[in-house]
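What follows is the residue order along each chain.
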Amino acid sequence: CSGGTTTRCAADGHWTLDLRKNYRQIHYDSDSNEVEVGGGITMSMLIKELSRNNRSFPIGLSGLTGIGYILTGGISPISRGHGLAIDHILKLKGFWGSGEPFEINRPSSISNENEKTNWSGLCGAAPFLGIITAIKLRTQKANKLYIREVILNKDQLIYYIKKAEEWPSNISLSWIWGDEIKAFIAIELINKSKPKEINNMLEKPPLSIKYKDFCIDNINDLPPFSLPLNKDELNINNHSEVLGVLGKEWGDNCQDLVNRLESFMISRPNKYCYIAAQQLGGKTTIEEGNYSSFIHRNSIWKPWINASWIAGNIQAREVSLSWLKSVWDGLETQCPGVHIAQLHQHLPWHQKEIEKAFGNHLSTLKKLKLKKDPYKSLPIL
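Keep in mind that what you see is a predicted model, and the values were worked out from it rather than measured.

**Examining the overall build of the protein**
Next, step 1: Assigned secondary structure in the protein consists of 11 helices and 15 strands.
Next, step 2: Rg of the C-alpha trace for the protein: 20 Å, near the compact-globule value of 21 Å for 381 residues, within the 12% margin.
Next, step 3: Taken along its principal axes, the extent of the C-alpha atoms in the protein is 60 × 55 × 40 Å.
Next, step 4: Burial status across the protein gives 53% buried among its 381 residues.
Next, step 5: Summarising the internal contacts of the protein: among those between residues at least 6 apart in sequence, 72% fall at separations of at least 24.

So this is what it looks like as structure tokens:
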């Protein structure tokens, strides 16, 4: 636990290892522009420290997540221009499930197969294999971000998805569909781009679209990416499960897919259930050396499905999880991959999820787990 986002942290018969007290170190090296962080830090803490040195890192839509965000892939609004968070890892320290300590550097072409296998297992499947206590990361120059926040209807969402698939890699689209559809366009201002030039690139939205434009100094200042809730609703104790899927560009299938999503939104069990998506592409499709377990490098979209219910209501839980599974089934043709950002070994579709996440690489991971977690202390594969 570093960010505290797993659904199993309070489960009966389970244990939680909380790294937030003793592993919160952040050491930035101004000569190499590299940073070493402890396993108990959040992405918000990382960006705040880096911003003091005019450096940045591709964190996600929330600064509350911990290093699990990085280790499971790490999809950011600036990933199209900089790659996945996982691609910035240079060194890993920690303990295998067996208790054996390790300190591993990123492999090179002359590394042996054992070194490459260990690294690729930890980069993408670490929760199943070991506990990471420190990571060394490559950073990049901090650039301002130009944000367009828009409220869309279904047809306008289709328009923006199609446009986004043509955008350069410094622009990305994220959207969330609840009672309304809210979208964020994030533009990294590189090469001294001016807001006016960006406006021309995006085209002025039709008058029917509600939008606002603003600049932020770093990615930690992104507006909240969540459903709008009133004061009373914030106090409701909701539990949830989230499933992320991955697929190529939607192109000519976009209208059919969005129509399908609309039907799922009409049938959602409650207003806290939603569907959202982030855009990939650009540098996320490239992995130097192929040294990770994130195998879906051809993905352009990561939709995710959030099933929610009031804590303790078993029947509502079953209805919401059934809705999640039906949405997954409806998206699977176009989005066949899975992004493991939350663990679901307690749910009946866990095995399918694992197979969709790791594909042919799964057999290698299972062999590695037998060696590195022989007592099965960590989540099952």
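So, next bit.
**Considerations on the pairing of strand 10 (residues 181-188)**
Next, step 1: Within strand 10, 8 of the 8 residues are buried, which leaves it mostly tucked inside the rest of the structure.
Next, step 2: Alternating residues of strand 10 divide into I181, A183, I185 and I187 and K182, F184, A186 and E188, and every residue in both groups is buried.
Next, step 3: Pairing analysis gives 8 bridges linking strand 8 (residues 145-152) to strand 10, with the strands arranged antiparallel. Looking at strand 10, one finds that L152 is bridged to I181.
Next, step 4: Note: strand 9 (residues 171-177) against strand 10, 7 bridges, orientation antiparallel.

**Some thoughts on the sheet that holds strand 6 (residues 130-138)**
Next, step 1: Spatially, the 5 strands line up as an open sheet ordered 1-2-6-4-5, and their pairing is antiparallel. Both edges of this open sheet fall to strand 1 (26-29) and strand 5 (101-105), since each of them pairs with a single strand only. Recorded for the sheet is a direction-independent mean angle of 15° between the axes of neighbouring strands.
Next, step 2: The pairing of strand 4 (residues 89-96) with strand 5 spans 5 bridges and is antiparallel. The residue of strand 5 that forms the bridge with K91 is N105.
Next, step 3: Relative to the sheet, helix 1 (residues 43-51) contacts strand 1, strand 2 (34-38) and strand 6, its axis offset from that of strand 1 by approximately 35°.
Next, step 4: This element, helix 4 (residues 113-125), spans strand 4, strand 5 and strand 6 of the sheet and lies at about 90° to strand 4.

**With respect to the environment of P77**
Next, step 1: Position of P77 among the secondary structure elements: in the loop between helix 2 (68-71) and helix 3 (79-82).
Next, step 2: Since its relative accessible area comes to 6%, P77 is described here as buried.
Next, step 3: It is 8.0 Å that separates the C-alpha atoms of P77 and I59, two residues lying 18 residues apart in sequence.

**Describing the nonpolar core**
Next, step 1: Counting 108 residues, the largest nonpolar core has I89, L92, L173, W175, W250 and F358 as its most contacted members.
Next, step 2: Setting aside chain neighbours within four positions, we find I89 in contact with I70, L71, R106, W119, C123, I135, K136 and L137.

**Notes on the pattern of salt bridges**
Next, step 1: Summed over the entire model, instances satisfying the criterion amount to 20 salt bridges.
Next, step 2: We note a salt bridge from D329 to K352, for which the minimum N-O separation is 3.9 Å. Of this pair, D329 sits in helix 9 (residues 314-331) while K352 sits in helix 10 (residues 350-358), placing them 23 residues apart in sequence.
Next, step 3: With a shortest N-O distance of 3.1 Å, K356 and E332 are connected by a salt bridge. Of the two residues, K356 is situated in helix 10 and E332 in the loop between helix 9 and strand 15 (337-339); the sequence distance between them amounts to 24 residues.
Next, step 4: Judged by relative accessible area, E332 falls into the buried class, the value being 18%.
Next, step 5: Through salt bridges with shared partners, a single network forms among K325, D329, E332, K352 and K356.

**Some details on helix 1**
Residues spaced three or four apart along an α-helix face the same direction, because each turn holds 3.6 residues.
Next, step 1: Those residues of helix 1 that fall on the buried side of the exposure criterion are M43, S44, L46, I47 and L50. All buried residues of helix 1 lie within an arc of 160° about the axis, which places them on one face of the element.
Next, step 2: On its buried face, helix 1 sits against strand 1, strand 2, strand 3 (55-56), helix 2 and strand 6.

**A word on the packing of helix 8 (residues 254-266) against helix 9**
Next, step 1: Where helix 8 meets helix 9, the closest approach of the two axes is 10 Å, and the angle between their N-to-C directions is 170°. If you check the angle between helix 8 and helix 9, you find them roughly antiparallel. From helix 8, L257, R260, L261, F264 and M265 reach across to helix 9, where they touch W323, S326, V327, G330 and L331.
Next, step 2: Split by residue class, the contact of helix 8 with helix 9 holds 7 nonpolar, 2 polar and 1 charged.

How each quantity is defined
Residues numbered from 1 in each chain as written. Predicted model: local features only at pLDDT ≥ 70, side-chain atom pairs only at ≥ 80, totals over all residues. Heavy atoms only, no water. Helix = DSSP H or I, 4+ residues; strand = E, 2+ residues; numbered from the N terminus. Rg over C-alpha atoms; globule rule 2.2 N^0.38 Å. Buried < 20%, exposed > 50% of the residue type's maximum accessible area, 1.4 Å probe, protein only. Contact = heavy atoms within 4.5 Å. Pairing = 2+ DSSP bridges. Axes fitted to C-alpha atoms, helices over the stretch in contact; angles between N-to-C directions. Core = buried A, V, L, I, M, F, W, Y, C linked by side-chain atoms within 4.5 Å. Salt bridge = Lys/Arg side-chain N within 4 Å of Asp/Glu carboxyl O. Arc of directions from axis to C-beta. Parallel < 35°, antiparallel > 145°, perpendicular 65-115°, else oblique. Nonpolar A, V, L, I, M, F, W, Y, C, P; charged D, E, K, R; others polar.

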